[in-house]
Amino acid sequence: MKKYLYLFIVALITSSCSYTVYDMNRGELKMAKKPTYMVNYMTDIPKGTTATITYSDKDNTKHIEKLYSGKLDYTVELPSGKNCDFTVDVKLPQTTPASSLHTYVKVDGEAITDQTQTGKDVQFRFKFKLP
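Parameters and conventions
Residue positions within a chain follow its written sequence, with the count starting from 1. For this predicted model, a pLDDT threshold of at least 70 governs which residues receive local features, and a threshold of 80 or more governs which side-chain atom pairs are given and counted, while totals over whole chains, interfaces and linings are taken from all residues. Hydrogens and water molecules were not included; the side-chain quantities draw on all heavy atoms of the structure. The definition of a nonpolar core used throughout is a set of buried Ala, Val, Leu, Ile, Met, Phe, Trp, Tyr and Cys residues joined through side-chain atoms within 4.5 Å. Only protein chains enter the area calculation, which uses a 1.4 Å probe; residues under 20% of their type maximum are buried, those over 50% are exposed, and those in between are partly exposed. Working definition: helices are DSSP H or I runs of at least four residues, strands are E runs of at least two. Numbering for both runs from the N terminus. Contacts between residues were defined by any pair of non-hydrogen atoms, one from each residue, lying within 4.5 Å. Pairing of aromatic rings covers Phe, Tyr and the six-membered ring of Trp, with a centre-to-centre limit of 6.5 Å; geometry is then stacked below 30 degrees between planes, edge-to-face above 60, and tilted otherwise.

Colleague: What am I meant to see in the nonpolar core here?
Modeller: Across soluble globular proteins, nonpolar side chains have a tendency to be buried as a group. Among the nonpolar cores identified, the biggest contains 26 residues, and V39, Y41, F86, F128 and L130 are the most heavily contacted of them. The set of elements that each furnish at least two residues to this core consists of β2 (36-45), β3 (51-56), β5 (70-79), β6 (83-91), β7 (100-107) and β9 (121-129). Not counting chain neighbours up to four residues away, the residues in contact with V39 comprise Y74, T75, V76, L78, V105, K106, V107, F128 and L130.

Colleague: Could you clarify how one ought to interpret the packing of aromatic side chains in this entry?
Modeller: In this description, a pair of aromatic rings is defined by centroid distance and the angle of the planes. Under the definition given, this model contains six aromatic pairs. Consider the rings of Y41 and F86, whose centres lie 4.8 Å apart with planes at 25 degrees: the pair is stacked. One end of the pair, Y41, is in strand β2; the other, F86, is in strand β6, with 45 residues separating them in the sequence. When its relative accessible area of 0% is taken as the criterion, F86 is described as buried. Taken together, a centroid distance of 4.5 Å and an interplanar angle of 35 degrees make the contact between Y55 and Y74 tilted. On the criterion of sequence distance, the pair formed by Y55 in strand β3 and Y74 in strand β5 is long-range, its members being 19 residues apart. By relative accessible area, Y55 is classed as buried at 5%. On the accessibility criterion, Y74 (23% relative accessible area) is partly exposed.

Structure below.
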């Protein structure tokens, strides 16, 4: 009987959490091969909250932007064959209507992801490889 009580409590606690996880690995992009590509990382963090954003640049330096707020629009020229990742972690404020996180990545002007997430804790993970 205690086992069922514990399971009920765990189920109740986990059901009250509101996590949104977007985790995708696109693999190698199906694009024309060329020496370099212009990669554009963009997200719009809602007012009243901050996010932790990570991305890497052409020197394989991983940038971590903690307590970032507002719009991020970062463009970098990356070489062919580079593995890229872009992450955004944010706790969205509870508003009516629900606040959301809009994130997208473009390569040479072509959108390769365009996502809108809602929930309390949003974790956006996107990986891809340039041809």
